[in-house]
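The residues making up each chain are set out below.
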There are 2 protein chains.
Amino acid sequence: MTAMRLFQEKGYESTSVADILKAAGANSGSLYHFFHTKQDLLLEVLRRYRDGIAPMLLEPAWRGIADPIARVFALLARYREALVASECSYGCPIGNLALELHEPDPPVRQAIATNFDGWVDAIERCYIDASARLPATTDRRALAVFTLSIMEGGVMQARTQRRIEDFDRSVAMLRDFVALLERQAKEQRGTT
Amino acid sequence: MTAMRLFQEKGYESTSVADILKAAGANSGSLYHFFHTKQDLLLEVLRRYRDGIAPMLLEPAWRGIADPIARVFALLARYREALVASECSYGCPIGNLALELHEPDPPVRQAIATNFDGWVDAIERCYIDASARLPATTDRRALAVFTLSIMEGGVMQARTQRRIEDFDRSVAMLRDFVALLERQAKEQRGTT
DNA sequence: AGCTTAGTTGAACGATCAATCAAGTCAAGA
DNA sequence: TCTTGACTTGATTGATCGTTCAACTAAGCT
């Protein structure tokens, strides 16, 4: 869908229906035949993002990578690549929408939340798969939510500073944290 | 300035000049006498936020708190309070602007970046003040950037999930990380 | 009193917005 | 061949947007 690309590039509010129609080479009537409102179109786009998390995001990022912790950082590396390739103007489309729409209609907010849930679920599974290497007391879900915070916050800073370093610094600290957790887990395993 | 409140509540694009005028009880001519464009008004708002970081944000958050690490979490607690008080609809106004404006004019981007810098500077100073308790190898600046990422990411998730837990989880993980760093620093001090 | 100037008023402008709709096309089924 | 219904066309609508401007007010200076 052309609308996906435009919402990503220019944001939802800044993309007019006319923009979408011109880019797609269609007329307004055709679009409104399938989507009753612009918001319906947005909901469809969000549905596609949700359905695309596994095949379009995780699968390419994790190809050839089996280690669950390495997978976490491989996913983060994808966002880094997108930032670098766009000279730090790329932004996570879901994160953009999350802050762009200040008081979104409930279905839209829910659709964005579902996208976040899908991302966090996938990362949580990584940490669960790596459970043996993490302290028993560490909440895997919290760690996954934390990881999403760092990704979104890192992208936000890199974008507004036009500087990849701020993303890298955030990820580097997460790496240090995970390394410390692994060390702690090893110690605890040794003493029981 | 009334515009500050409205930009915060509804976002920049969603706040029309007419909204501001009505809320302020003024006429368009008066506003445009002082600000040539709506964007000029935004720049003034961003200037006020920047000038307000110390007196309006840090000073109240840190009143009666001397410990530099405690100060970091006291500041994060302020954002938590704002979230709770607004039933998780509050958002950091700078973060909102950072993602709302997808291709902002250079002066606007710069003004947002300056606000981030001011925040990160303040937190970096905390970590520098706590230097004796942190490993020598840990980059204080990176830790401060990391902290901002977690705050912005945590606010973003709590807002879209309408759930304070996602903010709390992010902050809790940061707390664990800092505790591990302090423990690591203590060990290293002991072995040298 | 007269002049200057900072600030105010509010109607108006053109642009752009999401959305509509009557009229048309076209392929499949009866 | 005729009918039906899915889909397309594109001009048009009314609302709203940021911005402008000529006219006006009021305070300060000479």
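This text follows the structure it describes.
Conventions we followed
The residue numbering used here restarts from 1 in each chain and proceeds along that chain's sequence as written. Chain letters and ligand numbers both follow the written order, the letters beginning at A and the numbers at 1. Given that the model is predicted, a residue must reach a pLDDT of at least 70 before its local features are reported, and side-chain atom pairs must reach 80 or more before they are shown or counted; all residues, however, enter totals for whole chains, interfaces and linings. Side-chain figures throughout are based on the complete set of non-hydrogen atoms in the structure, without hydrogens or water. A carboxyl oxygen of Asp or Glu within 4 Å of a side-chain nitrogen of Lys or Arg is what we treat as a salt bridge. Three labels apply to residues, based on accessible area from a 1.4 Å probe with only protein chains included: buried if under 20% of the type maximum, exposed if over 50%, partly exposed otherwise in between. Near is defined per residue: the residue qualifies when any heavy atom it owns lies within 4 Å of the molecule or strand. Here a polar contact is recorded for every N or O atom pair within 3.5 Å, except that within protein the pair must consist of a potential hydrogen donor and a potential acceptor, and residues adjacent in sequence are included only if both atoms are side-chain atoms. Helix and strand assignments come from DSSP, with helices taken as H or I runs of at least 4 residues and strands as E runs of at least 2, each series counted from the N terminus. Classes in brief: Ala, Val, Leu, Ile, Met, Phe, Trp, Tyr, Cys and Pro nonpolar; Asp, Glu, Lys and Arg charged; the others, Gly included, polar. To form a nonpolar core, buried Ala, Val, Leu, Ile, Met, Phe, Trp, Tyr and Cys residues must be joined to one another through side-chain atoms within 4.5 Å. Every residue pair with non-hydrogen atoms within 4.5 Å of one another is taken to be in contact. Two parts placed together each lose some accessible area; with a 1.4 Å probe, that loss summed over both constitutes the buried area. Multiply 1.5 Å by the residue count of a helix minus one, and that product is the helix's expected span.

**A word on the pattern of salt bridges**
Residue and element names in this part refer to chain A. Across all of its chains, the model carries 30 salt bridges over all chains by this definition. Across the pair Asp19 and Lys10 runs a salt bridge whose closest N-O atoms are separated by 3.0 Å. Residue Lys10 is classed as partly exposed on the basis of its relative accessible area of 29%.

**Some details on the protein's contact with DNA strand C**
Neighbouring DNA strand C are 14 residues; A:Val17, A:Ser28, A:Lys38, B:Asn27 and B:Gly29 lie closest to it. A breakdown of the atoms of DNA strand C within 4 Å of the protein gives sugar and phosphate a share of 62%. Between DNA strand C and A:Val17 there is a distance of 2.7 Å, counted from a phosphate oxygen to a backbone nitrogen or oxygen. Within the backbone of B:Gly29, one N or O atom sits 3.1 Å away from a base oxygen of DNA strand C. Taken together, the elements giving at least two residues each to the surface near DNA strand C come down to helix H3 (28–34) of chain A together with helix H3 (28–34) of chain B. Per-class residue counts for the surface near DNA strand C are three nonpolar, ten polar and one charged.

**What about the nonpolar core?**
Soluble globular proteins tend to pack their nonpolar side chains together in the buried interior. Ranked by internal contacts, the top residues of the largest apolar core, which has 134 residues, are A:Tyr127, A:Phe146, A:Leu174, B:Tyr127, B:Phe146 and B:Leu174. Setting aside its immediate chain neighbours within four residues, B:Phe146 contacts A:Phe146, A:Ile150, A:Ser170, A:Met173, A:Leu174, B:Leu174 and B:Phe177.

**Points about the interface of chain A and chain B**
Contacts between the two partners involve 50 residues from chain A and, on the opposite side, 50 residues from chain B. Of all residues in chain A, the largest losses of buried area upon contact with chain B belong to A:Leu99, A:His102 and A:Met173, amounting jointly to 16% of the total for that side. For A:Arg183, the salt bridge goes to B:Glu187, with nearest N and O atoms at 3.3 Å. Scanning the region where chain A abuts chain B turns up 18 residue pairs in polar contact (both at pLDDT 80 or more). Taken together, the elements giving at least two residues each to the side of chain A that touches chain B come down to helix H1 (2–10), helix H6 (93–100), helix H7 (106–129), helix H8 (140–161) and helix H9 (165–190) of chain A. Considering each element in turn, the side of chain A that touches chain B owes the most residues, 16 residues, to H8(A). Residues that form the side of chain A that touches chain B fall into these classes: 19 nonpolar, 14 polar and 17 charged.

**Side note on helix H5 (residues 68–85) of chain A**
All names here are of chain A. With 18 residues, H5 should reach 26 Å at 1.5 Å per residue; the first-to-last C-alpha distance of 26 Å fits that figure. Along H5, the residues that are buried comprise Pro68, Ile69, Val72, Phe73, Ala74, Leu75, Leu76, Tyr79 and Leu83. If you check the start of H5, you find a side-chain oxygen 3.1 Å away from the backbone N of Ile69, and it comes from Asp67. Following H5 by one or two positions, Glu87 adopts a phi angle in the positive range, close to 55°.

Everything listed here is a matter of geometry and, on its own, says nothing about what the molecule does.
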